[in-house]
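Architecture and fold: a report
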Amino acid sequence: MHWTRAPFFLQGSEWEPWLQHTIGVPRDATRYDVAQKIWGGTDMMNQLFLSAGRDARNGWGSTYSDSMDSHRLAYYAATLSDELGEAVWKGIGERYFEGRHNPEGKPVYLASHEMLLAVAAEAELDMDEAKRVLASDAYREDVEASVSALKASGINSIPVLIFSVDGVPGATQRHNGSGNKAAFRAILDSIQTACEA
């Protein structure tokens, strides 16, 4: 079995105009401010996280920023192994979405090199190389090409999960949006049926 994540920008370099003009909040708005504008609060997302065994309630103070550096660090880690790429995304998610590993309680933003280097250390990446990646434009073109390819394939929002089995027609399933255990079980059952056929 092979699995990997692909980069995707929620706002990309357009994050500041998106916040100010589309959502109507200042550039230093927290995720809580945006959730209030979009959904009228955080209850829906808190429940979704809790149903997946995660707790997002301490992460609403995080602020928006360009996510390119977080994508570049994760891309670098994934060139070493899928597991290291996933370890970086797990560390970023725990800090940004859940507010974990942040004893000072200060807001987290995705472009923070301090936060990204803490994630790199936790994932046991080579710290000299992680610093070099963040201080340069390394992997920028790779990330941009990957995002362009996803958009060209019709993916315009996340999450999207694609399940497939090489060489088995009908054993590819695509799931858009968040899902629960029953939804993913149905996908895996459908793929198993296609493989047995």
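I will try to describe carefully the structure that is included in this document.

So, about the overall build of the protein. Assigned secondary structure in the protein consists of nine helices and two strands. Its C-alpha atoms give the protein a radius of gyration of 18 Å, near enough to 16 Å, the size a compact globule of 197 residues would have. Dimensions of the protein, computed from the C-alpha atoms along their principal axes, are close to 55 × 45 × 30 Å. The buried share of the protein, taken over its 197 residues, is 36%. In the protein, 58% of the contacts between residues at least 6 apart in sequence involve partners at least 24 apart. Between the mean site of the 18 positive side-chain charges and the mean site of the 27 negative ones, the protein shows a separation of 5 Å.

This model, assessed by the stated rule, comprises five aromatic pairs. When the centroid spacing of 5.7 Å and the interplanar angle of 40° are considered together, the rings of Tyr75 and Tyr139 count as tilted. Highlighted residues: Tyr75 in helix H4 (residues 68-80) and Tyr139 in the loop between helix H7 (127-135) and helix H8 (140-152), separated in sequence by 64 residues. Here Tyr75 falls in the partly exposed class, since its relative accessible area comes to 28%.

Right, let's get into the nonpolar core. In this structure, Val34, Leu73, Val88, Ile92 and Leu125 are the most contacted members of the largest nonpolar core, which totals 26 residues. Of all the secondary structure elements, the ones that give two or more residues to this core are helix H1 (15-23), H4, helix H5 (82-96), helix H6 (113-122) and H7. If we skip the residues at most four places from it in the chain, Ile92 touches Ser70, Phe97, Leu110, Met115, Leu116 and Val119. Formed by five residues, the second largest nonpolar core is a distinct cluster that contains Ala35, Phe49, Ala56 and Trp60.

The phi angle at Glu124 is positive, at roughly 60°, despite the residue not being glycine. Turning to its location among the elements, Glu124 is positioned in the loop between H6 and H7. The exposed category is assigned to Glu124, whose relative accessible area is 71%. Phi is positive for Tyr139, close to 70°, though the residue is something other than glycine.

This part covers the environment of Leu161. Structurally, Leu161 is set in strand S1 (residues 160-163). For the pair Leu161 and Ile38, spaced 123 residues apart in sequence, the C-alpha separation works out to 24 Å. Apart from the residues lying within four places of it in its own chain, the contact partners of Leu161 are Gln173, Arg174, His175, Gly177 and Phe184.

This brings us to the pattern of salt bridges. Following the criterion strictly, the structure yields twelve salt bridges and no others. A cluster of three or more residues bridged by salt bridges with shared partners is formed by Arg54, Lys90, Glu94, Glu98 and Arg100.

Here we come to helix H9 (residues 181-196). Over its 16 residues, H9 extends 22 Å from the first C-alpha to the last, a length consistent with the 22 Å expected when each residue adds 1.5 Å. Within H9 the residues assigned to the buried category are Ile187, Ile191 and Ala194. Buried residues along H9 cover an arc of 60° about the axis, so they all sit on one side. Those residues of H9 that are exposed and aimed more than 90 degrees away from the buried face are Lys181, Ala182, Arg185, Thr193 and Glu196. Buried residues along H9 sit against S1 and strand S2 (173-176).

Calculation rules
- Residues numbered from 1 in each chain as written.
- Predicted model: local features only at pLDDT ≥ 70, side-chain atom pairs only at ≥ 80, totals over all residues.
- Heavy atoms only, no water.
- Helix = DSSP H or I, 4+ residues; strand = E, 2+ residues; numbered from the N terminus.
- Rg over C-alpha atoms; globule rule 2.2 N^0.38 Å.
- Buried < 20%, exposed > 50% of the residue type's maximum accessible area, 1.4 Å probe, protein only.
- Contact = heavy atoms within 4.5 Å.
- Lys, Arg positive; Asp, Glu negative; His and termini not counted.
- Charge placed at Lys NZ, Arg CZ, Asp CG, Glu CD.
- Phe/Tyr/Trp six-rings, centres within 6.5 Å; stacked < 30°, edge-to-face > 60°.
- Core = buried A, V, L, I, M, F, W, Y, C linked by side-chain atoms within 4.5 Å.
- Salt bridge = Lys/Arg side-chain N within 4 Å of Asp/Glu carboxyl O.
- Expected span 1.5 Å × (residues − 1).
- Arc of directions from axis to C-beta.

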